[in-house]
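Residue-level structure breakdown
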There are 4 protein chains.
Amino acid sequence: MEEKRWIPTPADQFTFGLWTVGNRGRDPFGDAVRESIPPTTTVKELSRLGAYGVTLHDNDLVPEDASLAEHDRIVKQFQAALSDYHMAVPMVTVNLFYDPVFKDGALTSSAKPVRTYAIEKAQRAIDLGVQLGARIFVLWGGREGSETDAARDPRQAFSHYRDSLNALTSYIRGSHYDMKIALEAKPNEPRSDIYLPSTGAMLAFIQTLDHPELVGVNPELAHAKMAGLNPVHEVAQAIDAGKLFHIDLNDQRIGRFDQDLRFGSDDLKGAFYLVKLLEDSHYAGPRHFDAHPYRTEDYAGVWDFAAGCMRSYLIYRDRAQQFARDPDIQEMLQAIERLNADETVIRSAEDRKRWGQHGYAYEKLDQLVNELILGVR
Amino acid sequence: MEEKRWIPTPADQFTFGLWTVGNRGRDPFGDAVRESIPPTTTVKELSRLGAYGVTLHDNDLVPEDASLAEHDRIVKQFQAALSDYHMAVPMVTVNLFYDPVFKDGALTSSAKPVRTYAIEKAQRAIDLGVQLGARIFVLWGGREGSETDAARDPRQAFSHYRDSLNALTSYIRGSHYDMKIALEAKPNEPRSDIYLPSTGAMLAFIQTLDHPELVGVNPELAHAKMAGLNPVHEVAQAIDAGKLFHIDLNDQRIGRFDQDLRFGSDDLKGAFYLVKLLEDSHYAGPRHFDAHPYRTEDYAGVWDFAAGCMRSYLIYRDRAQQFARDPDIQEMLQAIERLNADETVIRSAEDRKRWGQHGYAYEKLDQLVNELILGVR
Amino acid sequence: MEEKRWIPTPADQFTFGLWTVGNRGRDPFGDAVRESIPPTTTVKELSRLGAYGVTLHDNDLVPEDASLAEHDRIVKQFQAALSDYHMAVPMVTVNLFYDPVFKDGALTSSAKPVRTYAIEKAQRAIDLGVQLGARIFVLWGGREGSETDAARDPRQAFSHYRDSLNALTSYIRGSHYDMKIALEAKPNEPRSDIYLPSTGAMLAFIQTLDHPELVGVNPELAHAKMAGLNPVHEVAQAIDAGKLFHIDLNDQRIGRFDQDLRFGSDDLKGAFYLVKLLEDSHYAGPRHFDAHPYRTEDYAGVWDFAAGCMRSYLIYRDRAQQFARDPDIQEMLQAIERLNADETVIRSAEDRKRWGQHGYAYEKLDQLVNELILGVR
Amino acid sequence: MEEKRWIPTPADQFTFGLWTVGNRGRDPFGDAVRESIPPTTTVKELSRLGAYGVTLHDNDLVPEDASLAEHDRIVKQFQAALSDYHMAVPMVTVNLFYDPVFKDGALTSSAKPVRTYAIEKAQRAIDLGVQLGARIFVLWGGREGSETDAARDPRQAFSHYRDSLNALTSYIRGSHYDMKIALEAKPNEPRSDIYLPSTGAMLAFIQTLDHPELVGVNPELAHAKMAGLNPVHEVAQAIDAGKLFHIDLNDQRIGRFDQDLRFGSDDLKGAFYLVKLLEDSHYAGPRHFDAHPYRTEDYAGVWDFAAGCMRSYLIYRDRAQQFARDPDIQEMLQAIERLNADETVIRSAEDRKRWGQHGYAYEKLDQLVNELILGVR
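Because the structure is predicted, anything quoted here is derived from the model rather than measured. All residue numbers refer to position in the chain's written sequence, counted from 1. For naming, the first written chain is A and the first written ligand is 1, with later ones following in the order written. The predicted nature of this model means local features are confined to residues of pLDDT at least 70 and side-chain atom pairs, given and counted, to a pLDDT of 80 or more, with totals for whole chains, interfaces and linings taken over all residues. The basis for the side-chain values is all heavy atoms of the structure; hydrogens and waters are excluded.

On to the overall build of chain A. Labels follow the DSSP assignment, with helices taken as runs of H or I lasting at least four residues and strands as runs of E lasting at least two, numbered in each case from the N terminus. Tallying secondary structure elements over chain A gives 14 helices and 10 strands in all. Seen along its three principal axes, the alpha-carbon backbone of chain A occupies a region of about 75 × 50 × 45 Å. Considering only contacts in chain A between residues 6 or more positions apart, those separated by 24 or more positions represent 78%. Neither His nor the chain ends contribute to the count of charged residues, in which Lys and Arg are positive and Asp and Glu negative. One atom stands in for each charge, and that atom is NZ of Lys, CZ of Arg, CG of Asp or CD of Glu. A distance of 2 Å separates the average location of the 43 positive side-chain charges in chain A from that of its 56 negative side-chain charges. Note on contacts: a residue pair is in contact if any heavy atoms of the two residues lie within 4.5 Å.

Here it is as structure tokens:
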């Protein structure tokens, strides 16, 4: 096998959140299993593996209560590492979920002081992003949800959410920043229900904002899968709407806790179609991995994990290119295209019956593609 | 108990699809268990039970290949029954899923002849609706989906879907009809994945149409639950967007086949919050039941089922009104409202910590509301 | 309303894990929101609320590396509190999941040193239980699972599991302890898949042990619901097999992370049937709540939560008794019982057709029971 | 590619239900799309494709109300086809779900006449099986479940189920038949809940029967996946218990209606591990496909579907053999085996910490195996 074909380079635009390889393995039933590593180490190691850049929550880099001096020192040190290892920060995000202050939501909290604080925190995170050269600000409202709908009318939550987003786009415009916001949906966890639980709901919500042109989406594959939705269809809708500003690649089983598995590791077929869609649609943004290593791993395993995410993407990309060249598959697709252009008119019950008997040969096509994925074509 | 309080009247605007009480109990593993009943019998029986009207797919009333004369005779006879029993037809829909011709989709079919036929069939159903006085045309694209994403790029499906919907709104405008379209989402079944699988996705899609003002949504509770989404949040987003044109009431367990259970029969708490939302938001449209009786029932059971749907709605409506009067609950909500208006500013780690320790008392509130639902307050 | 009817007393046998009211609100996306409280405070507070006792993991009470003296001091102090507040400890369990040593399993770990350590830790927990008067030892193998089936053949895992359990029953017998083991199943979380994921799987597995008579099950409602299984059926199978040694009461939405909601708070109908089953079958063990308060709560909310669990159980118990007295419901059940004893023989297609047309009236029955649950009968 | 390697032969023991390739595409929302084909055609076509045999429900071959003469004629004709095409019938089953008489269950029906009829029907199906040379009788209790637990105490259902199974094993013994029963579990659909919803529950139930030695299980992959359970673990438990009498191979997405997809077509990784388990454990029974073609297919597509099931199995089997030869993978497994035999004792907090830091390298192993599945090793 020509393994060299699947060696990542910065041109592939692979990025990782600091929090992904930095995940320490804490879960609801267990303690951290790995020591924390400095962001600069992450930058160095990911660069070595062929990544293009890193992303971060504000507090992944700068502690919440850092002094201005401390903030500057940390950022400068981090920028030096970025420069040393030729790594970019195309996206930043804000942590509006870890601190107990956000336990009943941040931008949709019923407590106005919390909402105001959350908006200001997000604005500071945007500032940090600009400082680091990021042009995408991802917003995942992890606590914007409820356990009991008695406490807050969801319509009031939407209203707070809208006001908050309008405050952020207003801030971006007022600051003349070259920054766009990408909203990330999730159906549940850590709240029983999270508001605007799918990329579709987010896309609809954006149309109700003051500056919809500044706001798009950041679909996370695992979040769509949690609800059993087809991530390929979800991402395709975002592309169709011109709103695919960023994407979070990982893996997940349907109907479970948020697993954040290594990209392409569980649903091999789904990963193929997702990569094919990104490549076919000439998606130009970063391929961002938002996953974390199994809790069984030490740091050697962490870097195996990161390498595996990128290598799998490249394998699937190869297979997507092969799909476009495969004569049997292409012949079948051309037959479908002829149907798409067929000018026959169904005029009678007889015509209808005939079209009802048409064999679409999708079992054969699907088998061909699966064999392509499995590497036996 | 004052049972008389829960006796439905036409003022309650309860409607049923002909196909709901007319469901014959056919399922993937079993044959029909009930004889079919004429639409006029349904009109009579539902009127007797206190319903406001019925709804229908084109072919629930008129066979697909009926001659013009037959069509007129059937419609006239049906209108006579409507008039005799003072029943309305506020909504009609179109069957684009039963006939084998639609086996790979209707409005998104890869076969242009099928798409064209589906659009014309929908237009004829709109005509029928106008004839019957309906002002809402529901569109559920039951077959607009896929088993294998190799066969059709979802972006092409969206494009076909959009063209088809534009053809329909153009037809409505060209005909000067007073009719709006309400799109109904479903995540899967009978296809592996159905395009635009949630009400959120539909709301977003509407913004890409030629005449978004003519198109809204018809959320079906069971379809949201199939994906584990909170129907109350989904319906609230539709209301927030001004797009709740119609609603399908029923019940369902998460992560299962489409059960279409009697409204309010499984998730008692969810039904309460849904009714509360409709009433609080002064939703003025029909309360439409899209459910079907258990397969264990004969026609006595069918009418029990229909009566149960309406009676349950009225019980939950009573409870929603009681919620608004309950002093303990209202006192707790006022405390939350004070937080909503609190002008305190979080300035320090100390402030943040204090707000992080705030007890929201949602366990108590939720328990109070549950006891209200359970009738022990 | 006669609220006094729902005031818990020790005779109701309500118990809580120290870890339930002691849950500090840590989750995968957020920090602890409540300070820890001493076990003796929990004993006092729960006693005040009417509970019968508490339960605990070994390390909920005694730190893993406590000296013998420390251990004795802690246990003595705890026993004093139990005695002061007339509280029992009918069950103990062992924490084989929190410490990083267990990250790839405990009793099924691929590392023999870990398995051996886990068995010894469980034996010490059994000793502690005996010391505290417990007669049930619950075993939840939270880490007994996998992310990748490449690493361990599940048959090898079962073999390790069996050897471990045989070591524990052998220890119990060798020590002449009056103690039984109750196995608790869970389908997933914190592992991708947990071995023996349902109460059914556990019941089957028990039959392969050296001393099946010493081992039963501890069904947790939420764990069954995570997989969309009906907990009433699952608990009924345990009763049918004579293996319902203990039970964990809580609530949960299907297909989500482990929510551990307040008992009876989400699925009102399911809670009713579960309580009815326990009461109808004269289950004599503790009604053990394994749930935790919302993360929005301070300690006032924690005690509201605990009170709510017990009060809800009592309300449902009342309703179950009312079910047995309701003349309409009982009349319907008697009709079903007559079918159960009907000696008619189906001899012909005609007979078969007639029985196929029988109306079972379950829609009516279900509606009656729902109205009973809702308190309108 | 050496395609010849994946051409099925009877030695591979591939079997199909008559109802699988004979599925006409009827679903809850649509009519049949394919004409029915005679069983003899199925035998001929599957033989041509390399299958070993077929299986059947009683009524797939003989109509329920056939006269004795008709029965004999049909069976003789079918046996002639089997003989002509060298096809076996290693398993038969009974249809206890299609006829309306079974709408509230068959062996667990509340109506004694239905239970009695169901037992007799099953006995006749066993006779038919013996006539055709089958040695496995699969029993799927599709209607043994409930929509409302008010109507039937699940304990009573278990009791009826047990009595019925005892009647069947008694019949087999009394008839001196060389036949075993394999129980097939399913969590839901077509009933809201089906009793004994998992293979684990069935294995446990078998221990309560009069003749457990005559009864085993027939796990269906799709049924386990519907509940999000890992089929590999479920089948492994059946093997561990010596109860894997038969197996139903197909594919399915979690948390959906029963899709019965082409084997190995959706969850490529899961299919690999399942085949690997069957081969590693030297499972000697038929590889039975219980799936059906997409509704988009004509009969050309039906045979593509059947060929795809078998071809995929052979590809996965090749990969499983490659797994056993792959030096990198085997080296990693040997390292795990060394852990399994490691006699080190964990004595101190320090030891525990060290083992807590052990890196299991499962990310790397999982990636290696995925690359093997994807054909890039």
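This next bit is on the interface of chain B and chain D. Bring the parts together and some accessible area is lost; that lost area is often taken as the interface size. Taken together, the contact pairs 35 residues of chain B with 35 residues of chain D. Buried area: the accessible surface (1.4 Å probe) lost by two parts on joining, summed over both. Between chain B and chain D the total buried area reaches about 3,200 Å² when both faces are included, carbon and sulfur atoms providing 52% of it. Salt bridge, as used here: a side-chain nitrogen of Lys or Arg that lies within 4 Å of a carboxyl oxygen of Asp or Glu. Inspection of the chain B/chain D interface yields four salt bridges. Between arginine 256 of chain D and aspartate 193 of chain B there is a salt bridge; the shortest N-O distance is 3.0 Å. Residues adjacent in sequence count toward polar contacts only when both atoms are side-chain atoms; beyond that, a polar contact is any pair of N or O atoms within 3.5 Å, and within protein one must be able to donate a hydrogen and the other to accept it. At the boundary of chain B with chain D, the tally comes to 14 residue pairs in polar contact (both at pLDDT 80 or more). Split into classes, the residues belonging to the side of chain B that touches chain D amount to 12 nonpolar, seven polar and 16 charged. In this classification, the charged set is Asp, Glu, Lys and Arg, the nonpolar set is Ala, Val, Leu, Ile, Met, Phe, Trp, Tyr, Cys and Pro, and all remaining amino acids, among them Gly, are polar.

Listed per partner, the contact involves 76 residues of chain A and 76 residues of chain B. Interface of chain A and chain B: buried area, both sides summed, is about 6,300 Å²; carbon and sulfur atoms make up 57% of it. Contact with chain B buries surface across chain A, with Arg155, His233 and Arg352 of chain A losing the most and accounting together for 11% of the total. In this structure, the connection of chain A to chain B is made through eight salt bridges. Taken together, the links from chain A to chain B amount to 36 residue pairs in polar contact (both at pLDDT 80 or more).

Because the α-helix completes a turn every 3.6 residues, residues three or four places apart line up on one side. For helix 14 (residues 362–373) of chain A, spanning 12 residues, the distance from its first C-alpha to its last is 16 Å, which sits close to the expected 16 Å at 1.5 Å a residue. Each element contacted by the buried residues of helix 14 of chain A is listed here: helix 10 (268–280), helix 11 (299–325) and helix 12 (327–341) of chain A together with helix 10 (268–280) and helix 11 (299–325) of chain D. Of the residues flanking the end of helix 14 of chain A, it is glycine 375 of chain A, one or two places downstream, whose phi is positive at about 75°. The span you would expect from a helix comes to 1.5 Å times its residue count less one.

What follows is about the side chain of glutamine 237 of chain D. Within the fold, glutamine 237 of chain D resides in helix 9 (residues 231–240). Summary of the burial criterion: residues with accessible area below 20% of their type's maximum are buried, those above 50% are exposed, and those between are partly exposed, where the area comes from a 1.4 Å probe applied to protein chains only. Classification of glutamine 237 of chain D as buried rests on a relative accessible area of 6%. Among all residues touching glutamine 237 of chain D, those that are not within four sequence positions of it are Phe158, Leu196, Ala201, Ala204 and Phe205 of chain C together with Gly200 and Leu203 of chain D.

Moving on: the relation of the copies chain B and chain D. With an axial shift of 0.0 Å and an RMSD of 0.0 Å, the rotation relating chain B to chain D amounts to 180°. Put plainly, the chains are arranged around a two-fold axis. Our superposition of the copies is a least-squares fit, built on the C-alpha atoms of residues whose pLDDT is at least 70 in both.

Residues and elements named next belong to chain B. Within the structure shown, the criterion is met by 128 salt bridges over all chains. Here aspartate 27 makes a salt bridge to arginine 295, at a shortest N to O gap of 3.9 Å. Of this pair, aspartate 27 sits in the loop between helix 1 (18–21) and helix 2 (39–49) while arginine 295 sits in the loop between strand 10 (287–289) and helix 11 (299–325), and the two are 268 residues apart along the sequence. Taken as a pair, aspartate 27 and arginine 295 share a single burial class, namely buried. For the salt bridge of aspartate 366 with lysine 269, the shortest nitrogen-to-oxygen distance reads 2.8 Å. Taken together, the residues span a long stretch of sequence, with aspartate 366 in helix 14 (residues 362–373) and lysine 269 in helix 10 (residues 268–280) at a distance of 97 residues.

Right, let's get into the sheet that holds strand 3 (residues 91–93) of chain D. Residue and element names in this part refer to chain D. Paired strands are those between which DSSP finds at least two bridges. In spatial order, the strands read 8-6-4-3-2-1-10-9; together these eight strands make up an open sheet with parallel pairing. Every other strand in the sheet has two partners, leaving strand 8 (215–217) and strand 9 (248–249) as the edge strands with one partner each. Sheet topology note: the strand 1 (residues 14–17)/strand 10 (residues 287–289) ladder contains three bridges and is parallel. When the sheet's bridge partners are listed, phenylalanine 16 is paired in strand 10 with phenylalanine 289.

Residue and element names in this part refer to chain C. Between its first and last C-alpha atoms helix 10 (residues 268–280) spans 18 Å; for 13 residues at 1.5 Å apiece the expected length is 18 Å, and the two agree. Burial analysis of helix 10 places 11 of its 13 residues in the buried class, which makes it a mostly covered element. Residues Leu268, Lys269, Gly270, Ala271, Phe272, Tyr273, Leu274, Val275, Lys276, Leu277 and Leu278 constitute the buried set of helix 10.

What follows covers the packing of aromatic side chains. A ring pair, where both rings are aromatic, is described by two values, the distance of the centres and the angle of the planes. Pairing of aromatic rings covers Phe, Tyr and Trp, the last through its six-membered ring, and needs centres within 6.5 Å; plane angles under 30 degrees mean stacked, over 60 mean edge-to-face, and all others mean tilted. Going through the model one piece at a time under the given rule, you end up with 68 aromatic pairs over all chains. With 6.3 Å between their ring centres and 85° between their planes, phenylalanine 29 of chain A and phenylalanine 97 of chain C make a pair best called edge-to-face. Highlighted residues: phenylalanine 29 of chain A in the loop between helix 1 (18–21) and helix 2 (39–49) and phenylalanine 97 of chain C in the loop between strand 3 (91–93) and helix 5 (112–132), drawn from two different chains. Across this residue pair, the class does not change: phenylalanine 29 of chain A and phenylalanine 97 of chain C are buried. Through a chain of ring-to-ring contacts, three or more aromatic side chains come together here, namely Phe14, Phe16, Phe263, Phe289, Tyr313 and Tyr316 of chain A. Note that lysine 276 of chain D overlies the ring of phenylalanine 323 of chain D, its terminal NZ or CZ placed 4.3 Å from the centroid. Working rule: Lys NZ or Arg CZ, within 6 Å of ring centre, within 35 degrees of ring normal, means a charge sits over the ring.

Moving on, we get to the relation of the copies chain A and chain B. Placing chain A over chain B gives an RMSD of 0.0 Å and needs a rotation angle of 180°, together with 0.0 Å of translation along the axis. Here 100% of the contact residues of chain A are again contact residues in chain B; the copies associate through an equivalent surface.

Here we take up the pairing of strand 1 (residues 14–17) of chain A. All names here are of chain A. Residues Phe14 and Phe16 point to one face of strand 1 and Thr15 and Gly17 to the other, with burial holding for every one of them. Bridging between strand 1 and strand 2 (residues 53–57) involves three bridges; their strand directions are parallel. Bridged to threonine 15 within strand 2 is glycine 53.

A few words now on the pairing of strand 6 (residues 180–184) of chain A. Residues and elements named next belong to chain A. With four of its five residues buried, strand 6 lies for the most part within the structure. Relative to strand 6, strand 4 (residues 136–140) runs parallel, the two being bridged by five bridges. Note that in strand 6 the partner of leucine 139 across the bridge is leucine 183. Where strand 6 lies against strand 8 (residues 215–217), three bridges are found, and the strand directions are parallel.

The next thing to look at is the confidence of the model for chain A. Overall, the predicted model of chain A reaches an average pLDDT of 97, with 99% of residues at or above 70. The ipTM value of the predicted complex is 0.97, and its pTM value is 0.98. A score from 0 to 100, pLDDT tells how confident the predictor is in each residue.

What follows covers the environment of proline 154 of chain B. Relative to the elements of secondary structure, proline 154 of chain B occurs in helix 6 (residues 154–174). Given the relative accessible area of 4%, proline 154 of chain B is considered buried. It is 41 Å that separates the C-alpha atoms of proline 154 of chain B and aspartate 12 of chain B, two residues lying 142 residues apart in sequence. Contact partners of proline 154 of chain B, with chain neighbours within four places excluded, come to Val232, His233 and Ala236 of chain A together with Tyr195 of chain B.

A separate point is the nonpolar core. Think of a nonpolar core as a cluster: buried Ala, Val, Leu, Ile, Met, Phe, Trp, Tyr and Cys residues, connected wherever their side-chain atoms sit within 4.5 Å. Counting 461 residues, the largest nonpolar core has Phe137 of chain A, Phe137 of chain B, Phe137 of chain C together with Phe137 of chain D as its most contacted members. Excluding its chain neighbours within four sequence positions, the residues that come into contact with phenylalanine 137 of chain C are Val92, Thr93, Val94, Ala122, Ala125, Ile126, Leu168, Met179, Lys180, Ile181 and Ala182 of chain C.

Residue and element names in this part refer to chain C. Spatially, the eight strands line up as an open sheet ordered 8-6-4-3-2-1-10-9, and their pairing is parallel. Edge positions in the sheet fall to strand 8 (215–217) and strand 9 (248–249), since each of these pairs with one other strand and no more. Each axis is a line fitted through C-alpha atoms, and for a helix only the stretch in contact is used; angles between axes span 0 to 180 degrees, taken between their N-to-C directions. Running over the sheet, helix 6 (residues 154–174) touches strand 4 (136–140), strand 6 (180–184) and strand 8 and is turned about 155° from strand 6.

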